[in-house]
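Letter by letter, the chains look like this.
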Amino acid sequence: RPDWPHTRILYRAGSIFILAPGCDISAGFPVGTARPRLRVVRSSSLVVTTTEPSPRQRYLSFPAVQGVWTFVFCSWLASRLLFLASGALAAHFLSPAPTGDPAQPPGVFSYWAHWDGAWYASIAKSGYAGRLWPASANFFPFYPMLLRLGTTVGPGAALVGVVISLAASLLALYFVHELTRDYFDFKAARAATLALAFFPTAFFLNAVYTEATFLAAALGSVWAARVRSDFVLAGVLGCIAAMTRNV
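These notes cover the structure that comes with them. (Residues numbered from 1 in each chain as written. Predicted model: local features only at pLDDT ≥ 70, side-chain atom pairs only at ≥ 80, totals over all residues. Heavy atoms only, no water.)

### Let's talk about the packing of helix 3 (residues 116–126) against helix 4 (residues 142–151)
Cut-off, in case you're wondering: To get an axis, fit a line to the C-alpha atoms, keeping to the stretch in contact for a helix; angles then go from 0 to 180 degrees between the N-to-C directions. Each helix is a run of H or I in the DSSP string that is no shorter than four residues. Each strand is a run of E no shorter than two, and both are numbered from the N terminus. Each crossing gets its hand from how the near helix is turned against the far one by less than a right angle, where anticlockwise is left-handed and clockwise is right-handed. Contacts are residue-level and defined by heavy atoms, with any inter-residue pair within 4.5 Å sufficient.
Their axes nearest at 8 Å, the elements helix 3 and helix 4 cross at an angle of 60°. In this structure, helix 3 crosses over helix 4, and the sense of that crossing is right-handed. Contact with helix 3, carried on its side by Y120, A121, I123, A124 and K125, involves Y143, P144, L147 and R148 of helix 4 and no other residues of that element.

In structure tokens, the structure reads:
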């Protein structure tokens, strides 16, 4: 493989072996990773030992990735619809909670923007200064920036916040699936995805809160470093997580 530094090609006993530091000669694959099956191709008087695509390579093929996204999307859609319906029923049949200061933004999804959601909406509209200062300094800037950007298009802060949280929760579920698959296997990955999607307190991933955005950025940072080996992307996502909320 070209990404193995100092790769050596050896000819021994009529066979060609491709070796790299940390490799097992019997498999020609890094120690600690899944070893592919070997197949032998006869070429004139030489026997060339080659490898079939590794499980990781097969996984990264388009049909496999498409299947992962199908599962993650279906889990996300079913769970988000469940919590959206539960929230709508609760808002209709239960007495509303007392309105704090600042009040939640108006709109069809205003019941998803209580308490901290109202603070984020107010900061997105008026900034940190004014009558909200210095209490507004408790809230980190990235999520209000997204709200401000979304509300310039036209919809209210409550609707924009719910859309942002829904999109971030989809990414968070994908990153959970991929990280769990990388550490364990597909079965564990699907179980972890479903557990996060349908956990009783996962309704916060619908709300005008920072939970979904922070979770997506934090998990994405680990995913970029471990699965993609892209440390620049990992750093960018880590910075986004740090700008979203305190830990």
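### Details of unusual backbone geometry
The phi angle of most residues is negative, glycine excepted, and most peptide bonds adopt the trans form. Stated formally: Each residue gets one of three labels from its accessible area relative to the maximum for its type: buried under 20%, exposed over 50%, partly exposed in between, using a 1.4 Å probe on protein chains only.
In this structure, P134 follows W133 across a cis peptide bond, with omega equal to 5°. Tracing the sequence through the fold places P134 in the loop between helix 3 and helix 4. Of note in the backbone geometry, W115 takes a positive phi value of approximately 55° without being a glycine. Mapped onto the elements, W115 comes out in the loop between helix 2 (62–93) and helix 3. The exposure class assigned to W115 is partly exposed, which follows from its relative accessible area of 47%. The phi angle at S229 is positive, at roughly 55°, despite the residue not being glycine.

### A word on the nonpolar core
The tendency in soluble globular proteins is for nonpolar side chains to be buried side by side. Put simply, the test is: The set of buried Ala, Val, Leu, Ile, Met, Phe, Trp, Tyr and Cys residues whose side-chain atoms join them within 4.5 Å is what this entry labels a nonpolar core.
Ranked by size, the top nonpolar core spans 42 residues in total, and within it V72, L147, V208 and W223 carry the most contacts. When contributions to this core are tallied by element, the ones reaching two or more residues are helix 2, helix 3, helix 4, helix 5 (157–183) and helix 7 (211–226). Ignoring any residue separated from it by four or fewer positions in sequence, one finds W223 in contact with Y174, F175, E178, L179, R228 and L233.

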